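The residues making up each chain are set out below.
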Amino acid sequence: MTEAQKEAYMDSLDEYDPTFWASKLHFHITDVPFYNFPYTFGYLFSMGIYANAVEIGPEFEDKYISLLQDTGRMTVEELAKKHLDVDLEKPDFWRHALELCIRDLEEFMKLSS
């Protein structure tokens, strides 16, 4: 834990907490339904946005800025439809996001074996 904190904060903290992980229940609460849903949803939604950006290329920047500008006035479903042209109630967007995760995992497994 200390090594991870030093790396994350570039060794800039005055002190480190080796038991930090133990004080953050959301790291390991698995028996409460939907407790981690916002984290999981946010992660997968951002991966889906990234997958869209990779496909579109540099022109995606303007779409992304527009998406961010609308976040306070639209639902996430509306945002996705308007700015990404996807329907979040269908599995395609989510599968595409997970493909990036799977690719990263496969690369990790290849490099670590």
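Conventions we followed
- Residues numbered from 1 in each chain as written.
- Predicted model: local features only at pLDDT ≥ 70, side-chain atom pairs only at ≥ 80, totals over all residues.
- Heavy atoms only, no water.
- Helix = DSSP H or I, 4+ residues; strand = E, 2+ residues; numbered from the N terminus.
- Expected span 1.5 Å × (residues − 1).
- Buried < 20%, exposed > 50% of the residue type's maximum accessible area, 1.4 Å probe, protein only.
- Contact = heavy atoms within 4.5 Å.
- Axes fitted to C-alpha atoms, helices over the stretch in contact; angles between N-to-C directions.
- Parallel < 35°, antiparallel > 145°, perpendicular 65-115°, else oblique.
- Nonpolar A, V, L, I, M, F, W, Y, C, P; charged D, E, K, R; others polar.

Trainee: Would you explain helix α2 (residues 37-56) in this entry?
Mentor: Given 3.6 residues to a turn, an α-helix orients residues that are three or four positions apart in the same direction. Here α2 is 20 residues long and its end C-alpha atoms lie 28 Å apart, about the 28 Å a rise of 1.5 Å per residue gives. Listed as buried for α2 are L44, F45, M47, G48, I49, A51, N52 and A53. On its buried face, α2 sits against α3 (60-70), α4 (76-84) and α5 (91-112). Once α2 finishes, G57 follows within two positions and takes phi at roughly 90°, a positive value.

Trainee: Hey, could you run me through unusual backbone geometry in this one?
Mentor: For residues that are not glycine, phi is negative in most cases, and the peptide bond is trans in most cases. Of note in this structure, M10 is not a glycine but carries a positive phi near 50°. Although it is not a glycine, D11 sits at a positive phi angle of roughly 55°. By the element assignment, D11 lies in the loop between α1 (2-8) and α2.

Trainee: What is the right way to read the packing of α2 against α4 from this model?
Mentor: The contact between α2 and α4 brings their axes to 12 Å, and the two run at 5°. Considered as vectors, α2 and α4 are oriented roughly parallel to each other. In this structure, α2 contributes F41, F45, I49 and N52 to the contact, and α4 contributes V76, A80 and L84. Taken together, the residues of the contact of α2 with α4 sort by class into six nonpolar, one polar and no charged.

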